[in-house]
Amino acid sequence: MADWQRTHTCGELRESHLGQTVVLNGWVNSYRAYNDQVFLDLRDRYGVTQVVVEADDPDFALAQEIRDEFVLTVSGVVRSRIEGKHNPKLTTGDIEVKAKKLAILNRCPNPPFAVMSIPQEPEVFGETELAGEDLRLQYRFLDLRRPTLQKTLALRHRMNKVIRDVLDAQGFLELETPLLGRSSPEGARDYLVPSRVTPGAWYALPQSPQLYKQLLMVAGYDKYFQIARCLRDEDLRADRQPEFTQLDVEMSFVEMDDLFRLLENLTVEVFRRCIGVEIQTPFPRLQYEDVMLRYGSDKPDLRFGMEIVDVTELAKQSTFKVFLDVVGKGGFVRAINAKGAADKFSNTELKPGGKLTEFVAGFGAKGLAWFKVEGGKLTSSIEKFFPVGVQEQLQKTLQAENGDLLLFVADTHDTVCSALGALRLHMGNVLKLIDMTKKEFKFAWVIDFPSFIRDEEEKRWAANHHPFTAPRDEDLHLLESDPGKVRAKAYDLIINGYEAGGGSIRIHNPEVQQRLFSVLGMSPEQAKSRFGFLLDALKFGAPPHGGIALGLDRWAMILTQTTNIRDVIAFPKNQKARDLMTGAPSEVDAKQLKELGIKQ
RNA sequence: GGGGGCGUAGCUCAACUGGUUAGAGUACCGGACUGUCGAUCCGGUGGUUGCGGGUUCGAAUCCCGUCGCCCUCGCCA
């Protein structure tokens, strides 16, 4: 062991170590220099320990040179802090290390932003005045020194460990599948990789290991999982990165209930062992159609109510032309009751061109009707179009009380859902209906998704989940006659408004698979050329099977209660899918392109 | 591709309605200081107000263009 190597971490020394000679390695979190002594807070990922260098210490002169983020080795004796000078903000705050020997292992220029500043809780020096995100991404190696990010990455490690432990104990095999695969035109845009040895041909990076895991089922690996990187060349969001990590699970000889049980137990273990939260199972199972009506979303945040209420029948009894026109065209009028919000919004904000109207316009709604409840009555610029009896019925249906704000959208089913669904979340935010200081988690399974959605642009049916999802047995006969009515054996796991996972029971019968391809407008020849290997495999004795994939980055967000996926990934990409640290994606040499047979 | 927000010192921000030499905290540099722990005190360096153009006696501020970042719609089987 070299003489500078640590004997302890910066988080472990206590009064039980008093008198011991120790060596610490770490970064300078902060320093306080006096004429005759220097205090150094030395930081590593285990904590912070105060080091004192005094005038009679041999390296006192050197200590004067020390600045933030220098890497040091300190050899010294653990001693108690003097009476009344203990620091309760640090878990090591009862002791300090009196330096005997000190060396600078590496210097650091004045950092572009402060890694640390203010102590907020024991051991963790929290950040205030956090630097701009692009700067932090550019110097990610500095940003990653922050305790918050170090804790988050440690939590991801623990999450992966729990997953492996739980699944291993139940006989699952962790198997790897290729990164270089075949492009399939269905689904998200592929990241493509050119083949050098076959000029003009391309691999695709996996959007998920979907087909491989099904082939593993055919091959008899009846309990499979993989913590797999997936890549999709689509636009980014606060909860979407171009490469992300899924827990991919597949089982043979199972039905939906078996997977629900497995995943519920896994979720219990993850929440218990990662953040110490006990959760209740089984999770509620909600039908797709029902959640769309009640929450306007297939991934509702169930931490608050404010459910959407259909008032189409009442709207018919009004003389309000906007409502009547919509209803006449087969549309719907639905509303939410923002409890107590009447005085939070001025009529200016509510009227056409106002903030709230603009908000719903962003989701396709042509307008926003509203009533405030005052003195037991509805008031609005449109109240005259609503007979007293109808107003009373509206109040009753929406359980309206004084001070409430009722918000209505009239449009097609899809538009009402997305506009009111978004408005519900927005109002929930404004009214602070979610207490982020509480560790509150609401889980649910969403089931009975339609197998197909209509692609109006292309005038064809598209797979809602993916084309290998089994339809419900009782809906199979509708496959050709009424595809829109076919429900799938598909399910999403939702947590606090996030789609935390999704899966399905797969088709294991080649004839059914062929029928499904043909609903999607794929001829037998096309199906054979794209997915021939899967159809073949299904013919060769495929077991009934199904699985699920969990978005582990989102799980990390949920567990750490952050809203930005970049905060739970070590080296994330920005919204333009660029890595600000490495500069990827970058141009490449003409020579590289030439080898690949690619023309500029 | 559309909508919204932001861009001022190394960093975090301020600068009223267009009006004096663009300020503060912090970091950095120098000095003082024996118990600090967001040390304190004194002094100092530091600015293409993202970039380009325009309006004006005068622009950080208004207008046009452009670049970058964030949120979002479309997209994400």
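Residues numbered from 1 in each chain as written. Chains lettered and ligands numbered in written order. Predicted model: local features only at pLDDT ≥ 70, side-chain atom pairs only at ≥ 80, totals over all residues. Heavy atoms only, no water.

Engineer: I'm lost on the overall build of chain A in this one. Help?
Structural biologist: When helices and strands are counted, chain A shows 17 helices and 24 strands. The burial tally for chain A puts 49% of its 600 residues in the buried class. Counted over contacts in chain A with a minimum sequence separation of 6, partners at least 24 positions apart contribute 68%. Entry remark: accessible area of chain A is about 29,700 Å², with carbon and sulfur atoms responsible for 51%. Counting 77 positive and 84 negative side-chain charges, chain A places the averaged centre of each group 2 Å from the other. (Helix = DSSP H or I, 4+ residues; strand = E, 2+ residues; numbered from the N terminus. Buried < 20%, exposed > 50% of the residue type's maximum accessible area, 1.4 Å probe, protein only. Contact = heavy atoms within 4.5 Å. Areas by Shrake-Rupley, 256 points an atom, 1.4 Å probe, with all protein chains shown as cover. Lys, Arg positive; Asp, Glu negative; His and termini not counted. Charge placed at Lys NZ, Arg CZ, Asp CG, Glu CD.)

Engineer: When you look at the pattern of salt bridges in this model, what are you seeing that I'm missing?
Structural biologist: Working definition: two side chains of opposite charge can pair if their charged atoms are close together. Taken as a whole and assessed by the stated rule, the structure comprises 48 salt bridges. For Arg-6, the salt bridge is made with Asp-44, and the minimal N-O distance between the two is 3.9 Å. In this pair, Arg-6 sits in the segment before β1 (21-33) while Asp-44 sits in strand β2 (residues 37-44), placing the two residues 38 residues apart along the sequence. The class of Arg-6 is partly exposed, set by a relative accessible area of 38%. Linking Lys-213 and Asp-248 is a salt bridge whose minimum nitrogen-to-oxygen distance equals 2.7 Å. With Lys-213 in helix α5 (residues 210-218) and Asp-248 in strand β12 (residues 243-252), the pair connects residues that are 35 residues apart, well separated along the chain. Like Lys-213, the residue Asp-248 is buried in the burial classification. Each of Glu-54, Asp-56, Asp-57, Arg-79, Glu-96 and Lys-98 takes part in one network of salt bridges that share partners. (Salt bridge = Lys/Arg side-chain N within 4 Å of Asp/Glu carboxyl O.)

Engineer: Explain the protein's contact with RNA strand B to me, please; I cannot follow it from the model alone.
Structural biologist: As a structural note, the neighbourhood of RNA strand B is formed by 55 residues, with Lys-85, Gly-132, Glu-234, Ala-463 and His-465 the closest of them. Backbone atoms, meaning sugar and phosphate, make up 55% of the atoms of RNA strand B lying within 4 Å of the protein. Arg-232 places a side-chain nitrogen or oxygen 3.2 Å from a phosphate oxygen of RNA strand B. Of all elements in the fold, only β1, β2, β3 (47-54), β6 (118-121) and α2 (133-138) reach the threshold of two or more residues within the surface near RNA strand B. Ranked by the residues each element gives to the surface near RNA strand B, the list is headed by β1, at 4 residues. When the residues that make up the surface near RNA strand B are grouped by side-chain class, the tally is 16 nonpolar, 16 polar and 23 charged. (Near = heavy atom within 4 Å. Polar contact = N/O pair within 3.5 Å; in protein donor to acceptor, adjacent residues only side chain to side chain. Nonpolar A, V, L, I, M, F, W, Y, C, P; charged D, E, K, R; others polar.)

Engineer: Hey, could you run me through the sheet that holds strand β22 (residues 490-495) in this one?
Structural biologist: Whenever strands of a sheet pair, they do so through backbone hydrogen bonds, lying parallel or antiparallel. Read from one edge to the other, the open sheet built from 8 strands follows the order β8-β11-β12-β24-β23-β22-β19-β13, with strand pairing classed as mixed. Edge positions in the sheet fall to β8 (173-174) and β13 (285-287), since each has one partner strand and no second. Note: β12 against strand β24 (residues 545-551), 7 bridges, orientation antiparallel. Along β24, the bridge assignment pairs Val-249 with Ile-548. Helix-sheet contacts for helix α7 (residues 288-295) involve β13 and β19 (443-447), and the interaxial angle to β13 is about 80°. (Pairing = 2+ DSSP bridges. Axes fitted to C-alpha atoms, helices over the stretch in contact; angles between N-to-C directions.)

Engineer: How do you make sense of α5 when you look at a structure like this?
Structural biologist: For an α-helix the count is 3.6 residues per turn, leaving residues at separations of three or four pointing the same way. Those residues of α5 not exposed but buried are Gln-210, Leu-211, Lys-213, Gln-214, Leu-216 and Met-217. In the core, the buried residues of α5 are packed alongside β11 (223-231), β12, α15 (524-539) and β24.

Engineer: Mind showing me how you'd approach the domain arrangement of chain A here?
Structural biologist: Quoted interface sizes are often the accessible area lost when the parts come together. Split by domain assignment, chain A resolves into domain 1 (15-106), domain 2 (148-286 + 436-441 + 491-500 + 545-600), domain 3 (304-430) and domain 4 (450-487 + 509-542). One C-alpha centre belongs to domain 1, the other to domain 3; they are set 63 Å apart. (Domains from an automatic or database assignment.)

Engineer: Honestly, unusual backbone geometry in this entry has me stumped. Any pointers?
Structural biologist: Apart from glycine, the bulk of residues carry a negative phi angle, and the bulk of peptide bonds sit in the trans form. Thr-281 connects to Pro-282 through a cis peptide bond whose omega is -5°. For Met-306, which is not a glycine, the phi torsion comes out positive at approximately 50°. Assignment of secondary structure puts Met-306 in the loop between α7 and β14 (309-310). Under the relative-accessibility criterion, Met-306 is labelled buried at 14%.

Engineer: Looking at this structure, how should I read the pairing of strand β21 (residues 460-463)?
Structural biologist: Consecutive residues of a regular strand have side chains that alternate between opposite faces of the sheet. As paired strands, strand β20 (residues 452-455) and β21 are joined by 4 bridges and run antiparallel to one another. Paired with Arg-454 across the two strands is Trp-461, which belongs to β21. A loop of 4 residues connects β20 with β21, the two strands running antiparallel in sequence, and Lys-459 in this loop sits at a positive phi of about 55°.

Engineer: Just to check I follow, could you spell out the packing of helix α6 (residues 256-275) against helix α16 (residues 552-560) for this structure?
Structural biologist: Packed helix pairs are specified by the crossing angle of their axes together with the interaxial distance, meaning the distance between the axes. Contact geometry for α6 and α16: axes closest at 11 Å, N-to-C directions at 50°. As summarised for this structure, α6 and α16 are arranged oblique, according to the angle between their axes. Between α6 and α16 the crossing geometry is right-handed. On α16, the residues that touch Thr-267, Val-270, Phe-271, Cys-274 and Ile-275 of α6 are Trp-555, Ile-558 and Leu-559. A class-by-class count of the residues in the contact of α6 with α16 yields 7 nonpolar, 1 polar and no charged. (Parallel < 35°, antiparallel > 145°, perpendicular 65-115°, else oblique. Left-handed = near helix turned anticlockwise from the far one by under 90°.)

Engineer: Teacher, can you tell me more about the environment of Ala-549 here?
Structural biologist: By secondary structure assignment, the location of Ala-549 is in strand β24. Setting aside its immediate chain neighbours within four residues, Ala-549 contacts Gln-246, Leu-247, Asp-248, Ala-500, Gly-501 and Gly-502.

Engineer: Help me understand empty space enclosed by the protein in this model?
Structural biologist: Which parts of space are left empty comes out when a probe the size of a water molecule is rolled across the atoms. Tallying each qualifying case throughout the model produces 2 cavities of 30 Å³ or more. Tallied by class, the residues present in the lining of the largest cavity amount to 4 nonpolar, 5 polar and no charged. Space inside the second largest cavity adds up to approximately 40 Å³. Contributing to the lining of the second largest cavity are Leu-137, Arg-140, Phe-571, Pro-572, Asp-579, Leu-580 and Met-581. Residues that form the lining of the second largest cavity fall into these classes: 5 nonpolar, no polar and 2 charged. (1 Å grid on protein atoms, 1.4 Å probe; cavity = no way out; pocket = protein on both sides within 12 Å on 5 of 7 lines; lining within 4 Å. Points joined across faces, edges and corners; volume = space filled by probe spheres on them.)

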